[in-house]
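Survey of secondary and tertiary structure
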Amino acid sequence: MAFQATEVAIIANAALDYYFDKGKLYLQDIQAKPLLDKMWGAKKSFSGGKGDISLGVKGKHGTDASGGGGSDTVAGYTHDDTVSFYTPANIQRAAYQWREHNIGLQMTHTELKIDGISVVDTNGKKTVTHSKAEEHRLASLLEDKLEDMTEQWQRGMNNLLWDDGTTDAKGLAGIQHLIAEDPTVGTVGGINRATAGNEFWRNRAATAAHGLAGGQGVITSAVTNGGALLTFLQAEWRQLRRFGGKPNCFLAGSAFLEAMETEIRANGNYSFTGFTQKQDGSMGDMHFKGVPVVYDPSLDDLSLEKRAYILDTRRIFLDMMEGEVMHHHNPARPADKYVIYRSITNTGQLVMTQANCHSVIDIA
C-alpha cells in the first residue's frame, strides 16, 4: 500500500538533511490540565467486581425527618414510665459503573527504517537504532509518535473528567455529571436527587439553572462593599465545611479569575512602601482560605470561562482497577502486514462519596 500524503509529509519533516535545532520539536499546542493532575494524583484503587463500584452513604439519622417528637428523641422518664426504642435504617448504596478506556497508534516498519530504526521482534516491542541515524534524522518519528499518543491520552482523559457523561456513553462520567448546575434534579450513583430525603446528595451551586429552580443564582461581581464575589465565596466556604468538607481544589475559568483579581485590586493594598520604590503592576497568584485558585484552560475551551469549581478531593476522586492503570499493550501485528501497534488502557470511574462539600459557581 502506498504512503498517504500525510505520512509522506511527516517523514519529510522528520528526515530533512539539515534543519534548525535538529532533533528538537517545539510543541505549540499543549496546555495545562490541572483537573487531570489533581484527580490523577489523588486516585484510589479497587480490586474488581461485576460492574459497579458500590459504597454506602448515609444522609440522615433517626426516624423522624423533622428532627423532633419521634421515638428516636432523647426524652426524660421516671420510675416505671414506658420508654421508646427505634431501629435505625438510613443506609443507602451509591453505585458507579466502572468503565474501560483505550487509545492506540500504529506505525509501519518502513516509517521506522526511514527514521533509522529496525524492528527486531514480531510485535515491535524491541527496536534497534542504526549507528548513523542521527546524520539524517530531524526528529525521531518513534519518539514523536509515542509523545503524540501520550498527549492524546492526557487530553482524552481530561476531556472525560470535565464531561457530563453524555459525550461518550461508554466512558467515565465527569465533573459536570457529579457536580450539577441544578443539583435538585438527576440521578447520580443511582440516587435520585429530586426525591425527598435525598437532599444530602446535592452539591452546592450558584448558577442560572439553580436560580430558576429556586436556589442560588449567578453572582454578579462588583467591587463595592469589599467585593460581591469575594463576599459570596467567604460565606460559601463556611457551608462547604458545614458537614465535614475540606475544600482543597479551586479551579476557575479566565473571566472568573479576572473578576476576583478586579475585586482584590479595588479593595486591597499593593505594598508597604507606597509608590516610593520600584513598582510591579502585577499581583501574585491568588489563594482563597489557603487553597490556590488555579486557572484551568479547559473551562475556557468549554465556553465556561465565567465558572469555577470548588472541590474536596477526599470526597470526589478517580477510582481505578488494580493492574489496569496506564496498562501498556503491544498487540500482535497482522501476519500479512509489517505494522506495529502500541496502546494504553485504563479501567475505572470518577466516584463521589459526598456531594454537599463541592460547589459550582458562575458569575454574570
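Preceding this section is the structure that the text describes.
The notes below deal with the structure included here.

Definitions and limits used
Residues numbered from 1 in each chain as written. Predicted model: local features only at pLDDT ≥ 70, side-chain atom pairs only at ≥ 80, totals over all residues. Heavy atoms only, no water. Pairing = 2+ DSSP bridges. Helix = DSSP H or I, 4+ residues; strand = E, 2+ residues; numbered from the N terminus. Contact = heavy atoms within 4.5 Å. Axes fitted to C-alpha atoms, helices over the stretch in contact; angles between N-to-C directions. Buried < 20%, exposed > 50% of the residue type's maximum accessible area, 1.4 Å probe, protein only. Core = buried A, V, L, I, M, F, W, Y, C linked by side-chain atoms within 4.5 Å. Phe/Tyr/Trp six-rings, centres within 6.5 Å; stacked < 30°, edge-to-face > 60°. Lys NZ or Arg CZ within 6 Å of the ring centre and 35° of its normal.

Examining the sheet that holds strand E17 (residues 359-362)
Pairing is mixed in the open sheet, where 6 strands are placed in the order E9-E17-E13-E10-E12-E11. A strand with exactly one partner marks an edge of an open sheet, and here the two such strands are strand E9 (204-206) and strand E11 (287-288). Examined bridge by bridge, strand E10 (residues 249-252) and strand E12 (residues 291-295) share 3 bridges and lie parallel to one another. Bridge pairing in E12 places Leu 251 opposite Val 294. Sitting on the sheet, helix H2 (residues 34-41) is in contact with E10, E12 and strand E13 (307-311), with an inclination near 160° to E10. Contacting E10, E11, E12, E13 and E17, helix H8 (residues 254-267) crosses the sheet at an angle of about 105° to E10.

A word on unusual backbone geometry
Positive phi values are uncommon outside glycine, yet Ser 303 reaches one of about 60°. By the secondary structure assignment, Ser 303 is in the loop between helix H9 (297-301) and E13. If you check the backbone angles, Met 326 has positive phi at about 50° while not being a glycine. Within the secondary structure, Met 326 is located in the loop between strand E14 (316-321) and strand E15 (327-329). By relative accessible area, which is 24% here, Met 326 ends up partly exposed.

Focus on the environment of Ala 95
Of note, Ala 95 is situated in strand E3 (residues 91-97). With 43 residues separating them in the primary sequence, Ala 95 and Asp 52 have C-alpha atoms 5.8 Å apart. The contact partners of Ala 95, leaving out residues within four places of it in the chain, are Asp 52, Ile 53, Ser 54, Gly 189 and Gly 190.

Focus: the environment of Val 339
Looking at the secondary structure, you find Val 339 in strand E16 (residues 339-352). Once the C-alpha coordinates of Val 339 and Gln 106 are considered, the two residues, 233 residues apart in sequence, prove to be 6.7 Å apart. What Val 339 contacts, discounting residues up to four positions off in sequence, is Gln 106, Met 107, Thr 108, His 109 and Arg 333.

Some points on the nonpolar core
Counting residues in hydrophobic clusters, the biggest one holds 50 residues, and the most contacted among them are Tyr 96, Ile 175 and Trp 201. Here this core takes 7 residues from helix H4 (residues 141-162), the largest share from any one element. Once residues within four sequence positions are removed from consideration, Tyr 96 is found in contact with Gly 51, Asp 52, Ile 53, Leu 55, Leu 178, Val 188, Gly 189, Trp 201, Gln 349, Leu 350, Val 351 and Met 352. In this structure, Leu 230, Leu 233, Ala 259 and Ile 361 belong to the second largest nonpolar core, which totals 22 residues.

As for the packing of aromatic side chains
As enumerated under the stated definition, the model contains 6 aromatic pairs in all. Note on Trp 40 and Trp 153: the rings are 5.2 Å apart at their centroids and 80° apart in plane angle, and the pair reads as edge-to-face. Taken together, the positions of Trp 40 in helix H2 and Trp 153 in helix H4 put the pair 113 residues apart, joining distant regions of the chain. For Trp 40, a relative accessible area of 19% translates into the label buried. Classification of Trp 153 by relative accessible area gives buried; the value is 9%. Among the aromatic residues, those joined into a ring-pair cluster are Trp 237, Phe 250, Phe 256 and Phe 288. For the cation-ring pair, Lys 44 lies above Phe 317, with the distance from its terminal atom to the ring centre recorded as 5.1 Å.

Purely geometric stuff here, so don't read any function into it on its own.
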